[in-house]
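Given next are the chains, with one letter for each unit.
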Amino acid sequence: MGHDDDSGHDADPGPAADPGRDADLDHDVEEVIAAVLTASRLLVGISARALARMDPSLTLPQLRALVVLDGQGPVKLATLAAALGVNPSTAMRMVDRLAAAGSVSRQANPGNRREVVLSLTAQGRELVERVLAHRHAEIAAIVARLPVDRRAGLVDSLRALTDAAGEPPVAPRPAPPPESATP
């Protein structure tokens, strides 16, 4: 009663009340999206080069199926389809090609003879290991060019991105031996 009403002048009105701040946040989101798309292009390129070197007939979606089988062990077709984000008929066609190439085997589920369980063959496991080793080596060369003080921030950012997407983490693997050392 004896003082001026200045409510709202000193208080932070919040992000929604500041159109300039909203524009900055929108701009930041667009910059993050552009950076993620650029990194995605880099990583897809690395995978494509690894495939072309190891098995030019293998597609990226087929490699993803093999990697899922490598990471999850024997699975039913529906589980594989869900992990790949495709319908079961698409997954079945993919499995048909991979089985014909000798990379995947099908066995009756001992708990339910009507179900088929899919797993990697020794040949499929070896192919996954070779492709991942090639990919690992190329990524290692790129990471080695990063300044050491920027690596921790990159790890935190990539983990935040994959956590937001619900992507299960990949366990760190030891560096593969140099190609000249492998038979």
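All of the points below concern the structure found in this document. Throughout this document, residue positions are counted from 1 along each chain, in the order its sequence is written. Whole-chain, interface and lining totals are the exception, using all residues; otherwise, since this is a predicted model, local features are given only for residues with pLDDT of at least 70 and side-chain atom pairs are given and counted only at 80 or more. Computation of side-chain values: all heavy atoms of the structure, hydrogens and water removed.

Focus on the overall build of the protein
The numbering of helices and of strands both runs from the N terminus, where a helix is a DSSP run of H or I of at least 4 residues and a strand a run of E of at least 2. Counting its regular elements, the protein contains six helices and three strands. The secondary structure elements of the protein, listed N-terminal to C-terminal, are α-α-β-α-α-β-β-α-α. Remark: exposure states derive from per-residue accessible area (1.4 Å probe, protein chains only) relative to the maximum for the residue type, with buried under 20%, exposed over 50%, and partly exposed in between. Within the protein, the fraction of its 183 residues that count as buried is 20%. We call two residues contacting when some pair of their heavy atoms lies within 4.5 Å. Relative to all contacts within the protein whose residues are 6 or more apart in sequence, the contacts with residues 24 or more apart total 51%.

Points about the pairing of strand 3 (residues 112-120)
Pairing between two strands is assigned when DSSP locates at least 2 bridges connecting them. Pairing between strand 1 (residues 75-76) and strand 3: two bridges, direction antiparallel. Paired with Lys76 across the bridge in strand 3 is Val117. Pairing of strand 2 (residues 104-109) with strand 3 involves six bridges; the strand directions are antiparallel. Within strand 3, the residue paired with Arg106 across the bridge is Leu118. Where strand 2 folds back on strand 3, the antiparallel hairpin that results is connected by two residues.

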